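Next come the chains, spelled out residue by residue.
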Amino acid sequence: MADEHDRAMSMTGCFDADQHAVDQQDQLPGFMEPGFRKRGWRLVDADGGRKALAIGDFVSQLSFEEPPLPGSFRDSILRARAGEDIDPFQGAVGPVRSEFVDRDCRLEFMEKEGVESFLLFPGAALEGPWLADESDPAQLYANIRAVNRLAAECWGWSYRNRIFAAAVLSLRDLERGLEELDRVMAEGCKVVNLVPGPIEGRSPADPCFDPFWARIEESRMLVTLHTAPASHVAYRAMLDGLWEPTNPTGAERGLCDVPSAFMGFQMFNERPIMDTVAALILHNLFGRFPDVRVVSVENGAFWVGYTLKLMNKNHAINYNGYWMGGRPERPSSVFREHVAVTPFHEDDIPQLVDLIGAKAVLFGSDYPHPEGLASPVSDFLEDLNLEEGSVIEQVMRTNLERLLGRVGT
């Protein structure tokens, strides 16, 4: 067993389910259509004389000159989770590296790190609340098209069959959403990302969205649910003023700002993904579309066990209740077949494997984010705590390889 584990610890050819682009300041504005630039992606003057990326009323706080270095928050985050009373988001900064912004440099760097292929998500485009904006659908989808055009041109939908950029999508206007899905699909896109949470008060598995899921199933595209501040908008609308004053400090806040630890407890990370996965399963999406697969990305994993137990319980005790979309099979079984999870490296991954099976667990490094891993493979393996080499190989490579194989790679 030790020899098998040692072999796994030195493995290469891994498939990483969570990497990010680092956008240059002037990239996104250049992809905006002329009629939508006033409220779309643009550069503005911000504090300290710096230029910042803005969209709508939101101004990004990301530093484009000296971003936090990959993995630089890791130690402080682990210390905070262990009980130390510190600000977990602190770490070293440095200049933008070539592998942050250039696809060939990224591939060269990843090959040295032991990564063969990876899913690539936007950088600045996943920050802020803009994907939850319902006020102007035409503007929203123009902003989405700019993000996707940048991804296609600068990274490629399946560059060298190794970088698989995820297209950003919203179903807030189904007709426009389907148009954008068809557009990126025609360009060769193989992965689309939805923000976890309700869609204008509807479940993403509401049968009204079946035209979207029918296209996903027919094309065998992979759907990811990557954590995003836009998820918080719906939860803040539901909960603001219910448990605490709406704005206890009196300060101006952006739509996605978390005003307190309690509100963060209510609406950050785990709540949106738990509710979304439960909706997909209990509203019988996978009963209607059995070939659809979804992946939870950068939402961690400690929510999984509780969600499975609660879904199974309510599936049983509400047998004669209302089943939108039809009554599903046992929820925990549906989860294991249709949902994959990228745990945080510090999660109890052996426990997750026991809960949902090894084939539903994916390696994700969150490179090059500061809360992620500086050395994706070696750092993740260091915390993996799995002994069986064949299981490690599934998590580190073959599970995502299989899911991508479903879309013709």
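1. As for the pattern of salt bridges
Then comes step 1: With the rule as written, the count across this model stands at 23 salt bridges.
Then comes step 2: The closest approach of N and O atoms between Arg-162 and Glu-111, which form a salt bridge, is 4.0 Å. Pair noted here: Arg-162 is in the loop between helix H6 (137–154) and strand E6 (163–168) and Glu-111 is in helix H5 (residues 103–113), with a separation of 51 residues, a long-range link.
Then comes step 3: Since its relative accessible area comes to 55%, Glu-111 is described here as exposed.
Then comes step 4: Here Lys-359 makes a salt bridge to Glu-337, at a shortest N to O gap of 3.5 Å.

2. Let's talk about the side chain of Glu-127
Then comes step 1: Checked against the element boundaries, Glu-127 lands in the loop between strand E5 (115–121) and H6.
Then comes step 2: Polar contacts involving the side chain of Glu-127 include one to the side chain of Ser-60, which spans 2.7 Å.
Then comes step 3: When residues no more than four places from it in sequence are discounted, the contact partners of Glu-127 are Phe-58, Ser-60, Gln-61, Leu-62 and Pro-229.

3. Brief notes about H6
In an α-helix, one turn spans 3.6 residues; hence positions three or four apart end up facing the same way.
Then comes step 1: Counted at 1.5 Å a residue, the expected span for H6 with its 18 residues is 26 Å, and the 26 Å between its end C-alpha atoms agrees.
Then comes step 2: Every buried residue belonging to H6 is among Gln-139, Leu-140, Tyr-141, Ala-142, Asn-143, Ile-144, Arg-145, Ala-146, Val-147, Asn-148, Leu-150 and Ala-151, and all of these are buried.
Then comes step 3: Gly-156, located one to two residues past H6, shows a positive phi value of around 90°.

4. Points about the environment of Ala-132
Then comes step 1: Residue placement: Ala-132 occurs in the loop between E5 and H6.
Then comes step 2: For Ala-132, a relative accessible area of 9% translates into the label buried.
Then comes step 3: In sequence terms Ala-132 and Val-334 are 202 residues apart; their C-alpha atoms lie 28 Å from each other.
Then comes step 4: Once you skip the residues sitting within four places of it in the chain, Ala-132 turns out to touch Arg-172, Ala-230 and Val-233.

Scoring rules and cut-offs
- Residues numbered from 1 in each chain as written.
- Predicted model: local features only at pLDDT ≥ 70, side-chain atom pairs only at ≥ 80, totals over all residues.
- Heavy atoms only, no water.
- Salt bridge = Lys/Arg side-chain N within 4 Å of Asp/Glu carboxyl O.
- Helix = DSSP H or I, 4+ residues; strand = E, 2+ residues; numbered from the N terminus.
- Buried < 20%, exposed > 50% of the residue type's maximum accessible area, 1.4 Å probe, protein only.
- Polar contact = N/O pair within 3.5 Å; in protein donor to acceptor, adjacent residues only side chain to side chain.
- Contact = heavy atoms within 4.5 Å.
- Expected span 1.5 Å × (residues − 1).

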